[in-house]
Amino acid sequence: MKKISAALTFSIATLAIGFLVGACGDTNTPNSTANNGSTATPAANSTITSSAKGLKIGSLLPTTGDLASIGQQMSGSVPLLVDTVNACGGVNGEPVTLVQVDDQTDPRAGAAGMTKLATLDKVAGVVGSFASSVSSAAVSIATPNKVMLVSPGSTSPVFTEKAQKGDFKGFWARTAPPDTYQALALAQLANKKGFKRISTVVINNDYGVGFEKAFVQTFEKLGGTIVNKDKPVRYDPKAQTFDTEAAAAFAGKPDAVLAVLYAETGSLFLKAAYQQGVAKGVQILLTDGVKSPTFPEQVGKSSDGKYILTGAIGTVPGSNGKALEAFTKLWKEKKGGAPGEYTPQTWDAAALLTLAAQAAKENTGVGIASKIREVANGPGTEVTDVCEGLKLLKDGKKINYQGASGNVDIDANGDVVGVYDVWTVGDDGKIKVIDKVSPK
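1. Examining the overall build of the protein chain
Along the backbone of the protein chain there are 14 helices and 16 strands. The 440 residues of the protein chain split such that 58% are buried. The contacts in the protein chain between residues at least 6 apart in sequence include a share of 75% that link residues at least 24 apart. Entry remark: accessible area of the protein chain is about 17,300 Å², with carbon and sulfur atoms responsible for 51%.

2. Considerations on the layout of surface pockets
Its volume calculated, the largest pocket comes out at about 480 Å³. Listing elements by their share of the lining of the largest pocket, those giving two or more residues are helix H9 (263-276) and strand E11 (283-286). When residues of the lining of the largest pocket are assigned to their parent elements, the largest contribution, three residues, is made by H9. Taken together, the residues of the lining of the largest pocket break down into 12 nonpolar, six polar and four charged. Here the second largest pocket defines a volume of roughly 330 Å³. Listing elements by their share of the lining of the second largest pocket, those giving two or more residues are helix H5 (158-164), helix H6 (179-192) and helix H7 (206-221). Examining the composition of the lining of the second largest pocket, we find that eight residues originate from one element, H7, more than from any other.

3. A word on the pattern of salt bridges
For the structure on display, the rule yields 11 salt bridges. Among the ionic contacts, a cluster of salt bridges with common partners joins Lys371, Glu374 and Lys398.

4. Structural notes on the nonpolar core
One finds Ile198, Phe215, Phe269, Leu270 and Leu286 to be the most contacted residues of the largest nonpolar core, which totals 109 residues. By residue number, the principal contributor to this core is helix H12 (residues 343-360), which donates 10 residues. If sequence neighbours within four positions are ignored, phenylalanine 269 has contacts with Val201, Phe242, Glu245, Ala246, Ala249, Phe250 and Leu261. Membership of the second largest hydrophobic core comes to 20 residues, among which are Leu60, Leu117, Ala163 and Trp172.

5. Details of the environment of threonine 364
Examined against the element boundaries, threonine 364 turns out to sit in the loop between H12 and helix H13 (365-377). C-alpha separation for the pair threonine 364 and lysine 122, spaced 242 residues apart in sequence, amounts to 9.4 Å. A polar contact of 2.9 Å, which involves the side chain of threonine 364, links it to the backbone nitrogen of glycine 367.

6. Focus on the packing of aromatic side chains
Scanning all chains against the criterion turns up 12 aromatic pairs. Centroid distance phenylalanine 168 to tryptophan 172: 5.9 Å. Interplanar angle 50°. Geometry classified as tilted. For the pair tyrosine 235 and phenylalanine 242, a centre-to-centre distance of 5.0 Å together with 90° between the ring planes defines the contact as edge-to-face. Each member of the pair, tyrosine 235 as well as phenylalanine 242, is classed as buried. An aromatic cluster is defined as three or more aromatic residues linked by ring pairs; in this entry it consists of Tyr235, Phe242, Phe250 and Phe269. A cation sits over an aromatic face here: lysine 335 above tryptophan 331, 5.3 Å from the ring centre.

7. Brief notes about the pairing of strand E15 (residues 420-425)
Of all six residues in E15, six are buried, a share of seventy percent or more. Going residue by residue along E15, you find Tyr420, Val422 and Thr424 tucked away on one face and Asp421, Trp423 and Val425 tucked away on the opposite face as well. Pairing of strand E12 (residues 313-317) with E15 involves five bridges; the strand directions are antiparallel. Bridge pairing links isoleucine 313 to threonine 424 in E15. Strand direction decides the pairing type here: E15 and strand E16 (residues 431-437), joined by six bridges, are antiparallel. Residue pairing for E16: tryptophan 423 is matched across the bridge by valine 433.

8. Details of helix H4 (residues 132-142)
Of all 11 residues in H4, 10 are buried, a share of seventy percent or more. Those residues of H4 that fall on the buried side of the exposure criterion are Ser132, Ser133, Val134, Ser135, Ser136, Ala137, Ala138, Val139, Ile141 and Ala142.

Rules and cut-offs
Every residue gets a number counted from 1 within its own chain, in the order that chain's sequence is written. pLDDT decides what is reported in this predicted model: residues at 70 or higher carry local features, side-chain atom pairs at 80 or more are listed and counted, and totals for whole chains, interfaces and linings draw on all residues regardless. Side-chain calculation: all heavy atoms of the structure are included, whereas hydrogens and water are not. Each helix is a run of DSSP H or I of at least 4 residues and each strand a run of E of at least 2, with the numbering of both proceeding from the N terminus. Only protein chains enter the area calculation, which uses a 1.4 Å probe; residues under 20% of their type maximum are buried, those over 50% are exposed, and those in between are partly exposed. Contact between two residues is taken to exist if any of their heavy atoms lie within 4.5 Å; hydrogens are not considered. Each accessible area is a Shrake-Rupley estimate made with a 1.4 Å probe; only the visible protein chains count as cover when residues are assessed. Buried and open spaces are told apart on a 1 Å grid over the protein atoms alone, a cavity being a set of points where a 1.4 Å probe fits but cannot get out and a pocket being an open set with protein on both sides within 12 Å along at least five of seven lines. Residues with an atom within 4 Å of a point are the lining residues. Grid points are joined across faces, edges and corners, and a volume is the space filled by probe spheres set on the points. Residues are grouped as follows: Ala, Val, Leu, Ile, Met, Phe, Trp, Tyr, Cys and Pro are nonpolar; Asp, Glu, Lys and Arg are charged; all remaining types, including Gly, are polar. Salt bridge criterion: a side-chain nitrogen from Lys or Arg within 4 Å of a carboxyl oxygen from Asp or Glu. What we call a nonpolar core is a set of buried Ala, Val, Leu, Ile, Met, Phe, Trp, Tyr and Cys residues that are connected through their side-chain atoms within 4.5 Å. Polar contacts here mean pairs of N or O atoms no more than 3.5 Å apart (in protein, one a potential hydrogen donor and the other a potential acceptor; neighbouring residues in sequence count only if both atoms are side-chain atoms). To pair, rings of Phe, Tyr and Trp, with the six-membered ring standing in for Trp, must have centres within 6.5 Å; the planes then decide the type, stacked if under 30 degrees apart, edge-to-face if over 60, and tilted in the middle. Either the NZ atom of lysine or the CZ atom of arginine qualifies as a charge over a ring when it sits within 6 Å of the ring centre and within 35 degrees of the ring normal. By this definition, two strands are paired if DSSP reports at least two bridges between them.

The following block contains the structure:
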């Protein structure tokens, strides 16, 4: 692939940002400066691997910003999949090219990155993004450019609603279930543990507000009370101090507080609640946005040396797919250690792009969109090995891909249903999974 000058890259990113302020902006959209203080030009952080011929895909994931602690591992899944596919012959007889972009957990940076991927790199499909607010910005660019966008972690129910209206024209899917299911699972867990009065605090974006809405509806149906329903606490994604929000979220003597957060800002909120003394005796309920090994350390320790988060419980989309064992083994061989949260969903998103292109026998977004549900749902031979699936498709056979995260059966709205891990923080500050729950 020909190299692109830094000046041209910057110009494209800048133009995209200017255009998308009106097209995608809302009251929850951060400005164009990332958390590290640099101007949002994700193209400068992109990498390109493999050849310039054949299928070209992109990844749009956060390796910096509020979700970097999870996004950095997620971004490692895509090149691992591409290397695996290229080692067994590629797609449609050619190696797959990968272009990786850091979306900085920032909708404007994500929009600029998606514009670059769609119009300059001319990818057929993209794995991304993680933050729902970033995916909202990206899909509005992917759809008119006929680029298939598959998110491994954007869980806002808003995408289901928009897909039902036909907004995405088939160019959207995700391998993580929407928060309508996770909120249901967490509400059922809270009810099972005997919590009757719960307050909520959420990050003010598609993810936080969508989760809050679904949780409130479900918990009330189960007979529970939302203490601050009339005055919900929703914090600015750009905020750096949280004293007011902490006081408001813990007011009214709730049994528990549901905190739908991102790691960087969420750690500051929970630390503020501890320092004010308002969290004492109140159960903390968390979600997938903060489940990373480093989060308890980010929140910190109390004056007696104990982790502030000890005893907190939460949920996260789990993985129980038939390909999980093989994926975990490959990850350990190539990268060492165990794969992190959402890495199986990211692997599956990339796998579906390659399998759909092979099924379509063309390396285009239109081709991928036309076949992605067919290879995900069957009917056809069940396969867990992406190379086996590619071979069968090349021979004209039909397949039903069984992923690492689950069966990845994608419905008409691009959604999948999954299982959830219940996790807690131990006295040693380590996160451990203690149960599984399926929404009913």
